[in-house]
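# A structural walkthrough
As a plain string of letters, each chain reads:
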Amino acid sequence: GLVLRENDRQREIAELNRRVAAEAELSSRAKLRFLTMMSHELRNPLNSVLGPLALLDQSNASVRTERLIHQAQQAGKSMVRMLAALMDYGELQDGRFALRSEPFRPATLLAGVREDLAGVGAGDVRATQRAEMPDMLVGDVGRLRQVFVNLVEYVLEGAGSGTSSIDFGHDGAALIGDIVFTGEEGAIDRKLDLMMGLSEIAPDQVSTEALRPLIARGLIAAAGGTLTVRLGDDGRRVIRVEVPAEQQRRDWIKVWLVTRSSALETIYRAALRSDQIIFMAANDPGPADLVLMDATSIGERNVMAPLRQRFPEARFVSLGAPQGPETFDEVLEGPADMSRLRTNLLRSIAG
């Protein structure tokens, strides 16, 4: 009788534990669904605020008003990014998260990180890429952008005045980002120690301070990458992010053409005609691989600066003798040069 009663008691305890675990799981899933739903709902009114702010930014406001508009824009954009990150975190915990795998230019990642970190409180951030970086990679550029922005903002927030630099590279299989901070070393070290100790803390016990690195670590893990902290050559601690990202081979080149007449445009298009050479339309946002400019009479000095800013990674080639040849990467003086350019472009595509 005693053995039977003990067996019954053990079964009751096991059943009670099962019910408690199931209820806890249901409660956790309900919280995550609520978090995802609220994050999505809050983005709509925020976007409605950012729209009018963008219109105000285009008006002839005073310097002080313009500064306030920019501050409001940066705060709003930061909030939108955080809500998107919260939605990703909810999906990560719920097992519904999926990464995109699309071709992207590393230059696009750099530009996005610089833009997001240009806000108030993000410090002075410098992002560069190494010479060996491939032209195109495959991965989820939006989530990669989130990873680096969240890590930099987390460390600099509350760590006193400081700066950071991000150096991007590629080892043939993975995108590598090294983040280095300068500032109050004690505060930065505490932040890094907390970040690396997150795996030992239950998600429901993590403070709001650690939410950004928690999301970043989840995105890195989902991509099959790693997050480490090591000592650099100068003795400062470096955050290294490594995420698998294959090199993407392209079979086309995009060309932005600037000429003084439609007749010349037709001639140049005919000289470079190929299914692998794509001439961009006026409303194509880019990026361009090559900018061809009829520099003999177009007045290249007036148009070079905005084009350089718009297409920072493009190769600039002058069609004819320019006023300032030093501002171009190459100068073509005749039809034979154009033929060589076409041959070189097709050879670069073929690898």
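Residues numbered from 1 in each chain as written. Predicted model: local features only at pLDDT ≥ 70, side-chain atom pairs only at ≥ 80, totals over all residues. Heavy atoms only, no water.

### Thoughts on the nonpolar core
Core analysis: the biggest nonpolar cluster contains 38 residues, and Leu151, Phe168, Ile239 and Val241 have the highest contact counts within it. Looking at this core, the elements with two or more residues in it are helix H2 (63–94), helix H3 (106–116), helix H4 (141–156), strand S4 (163–170), strand S5 (174–182), helix H5 (185–196), helix H6 (211–222) and strand S7 (237–244). Residue contributions to this core peak at 9 residues, all from H4. Contact partners of Ile239, with chain neighbours within four places excluded, come to Leu151, Val155, Gly177, Asp178, Ile179, Phe181, Leu192, Met195, Leu227, Thr228 and Val229. Core analysis: the second largest hydrophobic core is formed by 16 residues, Leu264, Phe279, Leu290 and Leu332 among them. (Core = buried A, V, L, I, M, F, W, Y, C linked by side-chain atoms within 4.5 Å. Buried < 20%, exposed > 50% of the residue type's maximum accessible area, 1.4 Å probe, protein only. Helix = DSSP H or I, 4+ residues; strand = E, 2+ residues; numbered from the N terminus. Contact = heavy atoms within 4.5 Å.)

### What to know about the pairing of strand S6 (residues 226–231)
Judged from the 6 bridges that link them, S6 and S7 form a sheet pairing that is antiparallel. Bridge pairing in S7 links Thr226 to Glu242. Two successive antiparallel strands, S6 and S7, enclose a turn made up of 5 residues, where Gly235 displays a positive phi of approximately 90°. (Pairing = 2+ DSSP bridges.)

### Quick word on the pattern of salt bridges
Within the structure shown, the criterion is met by 16 salt bridges. Linking Glu330 and Arg315 is a salt bridge whose minimum nitrogen-to-oxygen distance equals 3.4 Å. Of this pair, Glu330 sits in strand S12 (residues 330–332) while Arg315 sits in strand S11 (residues 315–319), and the two are 15 residues apart along the sequence. You can call Arg315 partly exposed: its relative accessible area is 39%. One continuous salt-bridge network, built from bridges that share partners, spans Arg130, Asp167, Asp178, Arg230 and Arg240. (Salt bridge = Lys/Arg side-chain N within 4 Å of Asp/Glu carboxyl O.)

### A look at H6
Between its first and last C-alpha, H6 extends 17 Å over 12 residues, near the 16 Å set by a 1.5 Å rise per residue. Among all positions of H6, only Arg212, Pro213, Leu214, Ile215, Ala216, Gly218, Leu219 and Ile220 are buried. Tucked into the core, H6 has its buried residues touching H2, H4, H5, S6 and S7. (Expected span 1.5 Å × (residues − 1).)

### Here's the deal with the confidence of the model for the protein
Averaged over all residues, the pLDDT of the protein is 78; the fraction at 70 or higher stands at 80%. Mean pLDDT across the elements of the protein bottoms out in helix H1 (residues 2–57) (68) and peaks in S7 (94). (pLDDT = per-residue confidence, 0-100.)

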